[in-house]
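# Tertiary structure, described
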Amino acid sequence: MRVGIIGGGQLARMMHAASIGLGIRVSLLAEGPDVSAAQVVHDVVVGDWSDPAVVAAFARAVDVVTFDHEHVPTPILEALVADGVAVRPGPHALVYAQDKAAMRERLAPYGHAPANRVVATPDDLRAFGDEVGWPVVAKTSRGGYDGKGVWTVHDPSGAHVPFESRSAGPTEAQGRGHADVRVVAEEHVPFVRELSALVVRSPHGQAVAYPVSQTVQLDGICVETTTPAPGLTEAQATECQRLALDLAAGLDVTGVLAVELMEAPDGRILVNELAMRPHNTGHWSIDGACTSQFENHLRAVCDMPLGLPTARAPWTVMRNVLGGPRADLVKGLDEVLARDPSLRVQ
């Protein structure tokens, strides 16, 4: 089985590591020759994932296509499916991770959502804020990630900012030809903490749920997780897992579905974002679970039996290190590992 991964970031690199024990061959469509996954994968095609011809040629050489990110334009993926390519997750599901406006509309029947509305003008945003209360959160419907394309608007005087920022600095989606980038307004939730419910689903409907993690975000980026989430009752954990499993089935997801959640002060659990590929809140599973999210994602997209998501230890803490003041991070590992030989670095 040859799996084609579109995108060459750290997630693709970790999927490649998981593929070795499964006997799966990985091909990579990478943004450049030196991106993270291209440094370790043998079969690398360097090309533009927004170019239909490039993606189609890449897909013809593999058995199944999956993703390191959600940014491949939906029409390109729909064309692959029409040509008989196995795309997992399929574009009919992936669109709800690509487009926040579509996600909010599709998830409305499930509940667990903050008040939200697509707004076309600053006046629309002011009306929404006056209705639900200030501050409000504004997001671009496509292309935003890791805190990009997200604004906290504190009062009516700032309602123009999301629209002007969107025009002055194109989002990833706009730069790749998406004309339908809208602004989604949401109520500001003064959440107690953020949680992540991660599940994996195969094409024939087998599904597993990992323990719910508590996450810490800094500038829109996950920097730390604790699994299982401290203080989360059994009933709350089951509610989060059941919601994620229901969403995976209802949206017909194949592979990993990460449901980023907010716990409100009154105990409500609200959906913040969806991701349909291995997720940075699930990195703990590499050493902390019986089967990592990366291995289970590959098992799912290849329609293999899924592995146990059970935790190996009572607690697992993951810290996400993104650069830092040291020029040589690898050499710095010597000091870190000498201080605590039990640490695992990926």
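Residues numbered from 1 in each chain as written. Predicted model: local features only at pLDDT ≥ 70, side-chain atom pairs only at ≥ 80, totals over all residues. Heavy atoms only, no water.

All right, on to the side chain of R193 then. Tracing the sequence through the fold places R193 in strand β9 (residues 193–201). Polar side-chain contacts of R193 include one of 2.6 Å to the side chain of Q214. A distance of 2.4 Å separates a polar atom in the side chain of R193 from the backbone oxygen of P230. Excluding residues within four positions of it along the chain, R193 makes contact with Q214, A229, P230, G231, L232, L261, M262 and E263. (Helix = DSSP H or I, 4+ residues; strand = E, 2+ residues; numbered from the N terminus. Polar contact = N/O pair within 3.5 Å; in protein donor to acceptor, adjacent residues only side chain to side chain. Contact = heavy atoms within 4.5 Å.)

Turning next to the pattern of salt bridges. The tally for this structure, following the rule as stated, stands at 16 salt bridges. Across the pair R182 and D99 runs a salt bridge, and its minimum N-O distance is 3.9 Å. Pair noted here: R182 is in the loop between α8 (172–175) and β8 (183–187) and D99 is in the loop between α4 (91–98) and α5 (100–107), with a separation of 83 residues, a long-range link. For E224, the salt bridge is made with R319, and the minimal N-O distance between the two is 2.8 Å. Of the two residues, E224 is situated in strand β12 (residues 221–227) and R319 in strand β15 (residues 316–319); the sequence distance between them amounts to 95 residues. By sharing partners, the salt bridges in this structure join R104, K139, E186 and E273 into a single network. (Salt bridge = Lys/Arg side-chain N within 4 Å of Asp/Glu carboxyl O.)

Running from N to C, helix α3 (residues 74–82) and α4 point in directions that differ by 165°, and their axes come no closer than 10 Å. In terms of orientation, α3 lies roughly antiparallel with respect to α4. Remark: the crossing between α3 and α4 carries right-handed chirality. Contacts between α3 and α4 pair T74, L77, E78 and V81 from the former with P91, L94, V95 and Q98 from the latter. Of the residues assigned to the contact of α3 with α4, the class counts are 5 nonpolar, 2 polar and 1 charged. (Axes fitted to C-alpha atoms, helices over the stretch in contact; angles between N-to-C directions. Parallel < 35°, antiparallel > 145°, perpendicular 65-115°, else oblique. Left-handed = near helix turned anticlockwise from the far one by under 90°. Nonpolar A, V, L, I, M, F, W, Y, C, P; charged D, E, K, R; others polar.)

Another point: the packing of aromatic side chains. Enumeration over the complete set of coordinates arrives at 1 aromatic pair. With a centroid separation of 6.1 Å and 90° between ring planes, the pair formed by Y210 and W284 is classed as edge-to-face. Highlighted residues: Y210 in the loop between β10 (207–209) and β11 (213–218) and W284 in the loop between β14 (269–275) and α10 (285–288), separated in sequence by 74 residues. (Phe/Tyr/Trp six-rings, centres within 6.5 Å; stacked < 30°, edge-to-face > 60°.)

Moving on: the state of the cysteines. With the rule as written, the count across this model stands at 0 disulfides. Among the cysteines around C222, which has no disulfide bond, C240 carries the closest sulfur, lying 16 Å off. We classify C222 as buried; its relative accessible area is 1%. Here C240 falls in the buried class, since its relative accessible area comes to 1%. (Disulfide = S-S within 2.5 Å. Buried < 20%, exposed > 50% of the residue type's maximum accessible area, 1.4 Å probe, protein only.)

Another aspect to go through is the sheet that holds strand β1 (residues 2–6). Strand order across the open sheet formed by 4 strands is β3-β2-β1-β4, with parallel pairing between neighbours. The open sheet has two edge strands with one neighbour each: β3 (43–46) and β4 (64–67). Pairs of neighbouring strands in the sheet enclose a mean axial angle of 25°, with direction left out of account. With 4 bridges joining them, β1 and β4 adopt parallel strand pairing. Looking across to β4, one finds that V3 is bridged to V64. Against the sheet, helix α2 (residues 52–60) makes contact with β1, β2 (25–30), β3 and β4, and its axis sits at roughly 170° relative to β2, the strand it touches most. (Pairing = 2+ DSSP bridges.)

On to the nonpolar core, then. Counting residues in each nonpolar core, the largest one holds 47 residues, and the members touching the most others are I6, L257, L261, L274 and M276. It is helix α9 (residues 234–250) that provides the largest number of residues to this core, a total of 7 residues. One finds I5, I24, A37 and F294 within the second-largest nonpolar core, a separate group that totals 19 residues. (Core = buried A, V, L, I, M, F, W, Y, C linked by side-chain atoms within 4.5 Å.)

In a regular helix each residue adds 1.5 Å, so 17 residues correspond to 24 Å; α9 covers 24 Å between its end C-alpha atoms and thus fits that length. Burial in α9 covers these residues: Q236, A237, C240, L243, A244, L245, L247 and A248. The elements touched by buried residues of α9 are α5, β9, β10, β13 (255–263) and β14. Phi turns positive, to about 60°, at D252, one or two residues after α9. (Expected span 1.5 Å × (residues − 1).)

Let us look at the environment of P230. With respect to the helices and strands, P230 occurs in the loop between β12 and α9. P230 gets classed as partly exposed once you look at its relative accessible area, which sits at 31%. Each C-alpha atom, one on P230 and one on Q214, is 7.2 Å from the other, the two residues being 16 residues apart in sequence.

Moving on: the sheet that holds strand β5 (residues 116–119). Across the sheet, which stays open at both edges, the 4 strands sit in the order β5-β8-β6-β7 with antiparallel pairing between neighbours. At either end of the open sheet lies a strand with only one pairing partner, and these are β5 and β7 (150–153). Between one strand and the next, the sheet's axes are offset by a mean angle of 25°, whatever the strand orientation. Pairing analysis gives 4 bridges linking β5 to β8, with the strands arranged antiparallel. Following the sheet pairing, R117 is matched in β8 by A185.

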